[in-house]
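Given next are the chains, with one letter for each unit.
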Amino acid sequence: MRCVLSRLFLRLTCVGFVLISCRLTAAPPPIDALRVTILSTNLAGNPGQGGIGEWGFAALVEANGFKLLFDTGHRPDTVLNNARELKVDLSDVTHVVLSHHHEDHIGGLLRLRESLADQFPEALTQIHVGRGAFWSRGEGEFDGDGNALIAMRSQSEQLGGQFHEHAEAVALAPGVWLTGPIPRLFDEQRAMRNPVIAPGADAVPDTLPEDIALVLDTTKGLVVLTGCGHAGLINTLLQARTVARPDATVYAALGGFHLAGTPDDRITWTAERLAELGLQHLHAAHCTGIAPVYQIKDLLHLPRESAHVGAVGAVFDLSSGIHPLWIAR
C-alpha cells in the first residue's frame, strides 16, 4: 500500500512543474518577514512568563505587517488571558481564521470579540471559515446540534462579526492564502464519530470537509499553519503548493497535525513525504502528539533546533527559526 501511495505522491508532485512551466513569468515570493506566536496549545510556556496550556489551538500570524488570528483556543478566556500575560496585542487584528468547527478551535471567539468591541470596533470582525463549517453534525448539546459553531454564529454577528465561508482558495493579503477545501488524495485521517449533514443531503461520516489551513508564501519557501490537520498533513501541504506555488518547497509546517497515536509505519510514510517536499522546520502543537514529533525529526535528520513541540508563547520567525521556550528544549 505504501508503494502505491508513494508512486501517486510522486506523480502529484510532478504536476506542479507542468503547471509552473505554463506561466509566462513567476513573481517573487511576497513575504520576507513572518512571525507566528502560539497563544493556545497543550503545553504551557516558560516559568514566570505567563500563559496557560489547554487542549486547544490558536496562533497570531504577522506577515509583512498583515496580522490575523488563526483559531481561538478552547476555553473562553484562555487566548484572551494568554495574550495579555504574553503582552501580545490583538486590538489591531481584524481577520480571524477558524480552521474547522470543533470547540477546541472556536471556544475563545466570542469572549475575545466582547473584550475588544467597544474600544476597537473592527477588531476580530472578519471571520473566515471553510465550506461546511456550519453544516449540521446531528443531534447534540449546542442548541440541539452537534456543531457549536452554528449557535455561535448568531451570537458573533450580534457582536459585529462577519463570516466569510470559502468554497475555494483565497488570498487574504499578498502571499497569505487560505487553502479552501483540501482534496483527500491520501487516506490519512479517520472520520469523526458523529455524522455531517450538508443542506439537502443525507448524513454521512464527518471527515471535516471544511478543514482549511493557512499558506504563507515566503522568500524561504512555503510556511503552512494547520489547526488539527483533519484533512491529513500531506494532503494539506500538497494543496498549499497548488494554491501558492506548485514548484515551492515546504520550508516549515506549524500547528496541529492530528498524528497522536498514529502507527509507526504511517509516521514513516509521512516523514518520507515531508522529505520529498523539502521540509526544514517542524513546529508541531496541539493534537500532533509528543512521540510523532521526535519520530519525524529523527527520520528527517532534522537538527534539534528545527523540530519542537509547540508551547504557549513559542514563536516561529522566518529569519531566525523556532523559538521553542524552555519546556520544549
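Rules of the game
Residues numbered from 1 in each chain as written. Predicted model: local features only at pLDDT ≥ 70, side-chain atom pairs only at ≥ 80, totals over all residues. Heavy atoms only, no water. Phe/Tyr/Trp six-rings, centres within 6.5 Å; stacked < 30°, edge-to-face > 60°. Helix = DSSP H or I, 4+ residues; strand = E, 2+ residues; numbered from the N terminus. Buried < 20%, exposed > 50% of the residue type's maximum accessible area, 1.4 Å probe, protein only. Lys NZ or Arg CZ within 6 Å of the ring centre and 35° of its normal. Pairing = 2+ DSSP bridges. pLDDT = per-residue confidence, 0-100. Contact = heavy atoms within 4.5 Å. Disulfide = S-S within 2.5 Å. Axes fitted to C-alpha atoms, helices over the stretch in contact; angles between N-to-C directions. Salt bridge = Lys/Arg side-chain N within 4 Å of Asp/Glu carboxyl O.

A few points about the packing of aromatic side chains
Counted by the stated rule, this structure contains 3 aromatic pairs. On the numbers, 5.1 Å between centres and 70° between planes, the contact of F186 with W269 is edge-to-face. Taken as a pair, F186 in the loop between β9 (176-178) and β10 (195-196) and W269 in helix α7 (residues 264-277) lie far apart in primary sequence, 83 residues in all. For F186, a relative accessible area of 2% gives the class buried. The class for W269 is buried, based on a relative accessible area of 0%. Sitting above the plane of the F134 ring, R153 keeps its charged end 4.2 Å from the centroid. Its guanidinium or amino end placed over the ring of W269, R266 lies 4.3 Å from that ring's centre, counting from NZ or CZ.

A word on the pairing of strand β12 (residues 214-218)
Counting buried residues along β12, 5 of its 5 residues qualify, which places the element largely inside the surrounding structure. Two elements, β9 and β12, share 3 bridges in a ladder whose sense is antiparallel. Each residue of the ladder has a partner; that of W177, found in β12, is V215. Relative to strand β13 (residues 221-226), β12 runs antiparallel, the two being bridged by 5 bridges.

Overview of the confidence of the model for the chain
Summarising the model, the chain shows a mean pLDDT of 92, and 92% of its residues fall at 70 or more. Ignoring residues within four places in sequence, the model shows residues 1-5, a span with pLDDT below 50, making 7 contacts including any to other chains. Note on residues 14-25: pLDDT is under 50 here. Beyond four places in sequence and across chains, it has 6 contacts.

Describing the state of the cysteines
Applying the stated criterion across every chain, the model contains 0 disulfides. Here C228 is not disulfide-linked; the sulfur of C287 is the nearest cysteine sulfur, at 3.4 Å. You can call C228 buried: its relative accessible area is 4%. A relative accessible area of 5% places C287 in the buried class.

What about the sheet that holds strand β5 (residues 126-130)?
The mixed open sheet is built from 8 strands, whose spatial order is β7-β5-β4-β3-β2-β1-β17-β18. Since the sheet does not close on itself, it has two edges, and those belong to β7 (162-166) and β18 (321-323), each with one partner. Each strand axis lies, on average, 20° off the axis of its neighbour in the sheet, ignoring direction. As defined by bridge partners, strand β2 (residues 58-63) adjoins strand β3 (residues 66-70) across 5 bridges and the pair is classed as antiparallel. The residue bridging V61 from the neighbouring strand is L68, located in β3.

Overview of the pattern of salt bridges
Scanning the entire structure with this criterion turns up 9 salt bridges. In this structure, D92 engages K67 in a salt bridge whose closest nitrogen and oxygen atoms are separated by 2.8 Å. Within this pair, whereas D92 is found in the loop between α2 (78-85) and β4 (95-97), its partner K67 is found in strand β3, the two being separated by 25 residues in sequence. Its relative accessible area of 15% is what places K67 among the buried residues. Residues participating in the shared-partner salt-bridge network are R137, D206 and E210.

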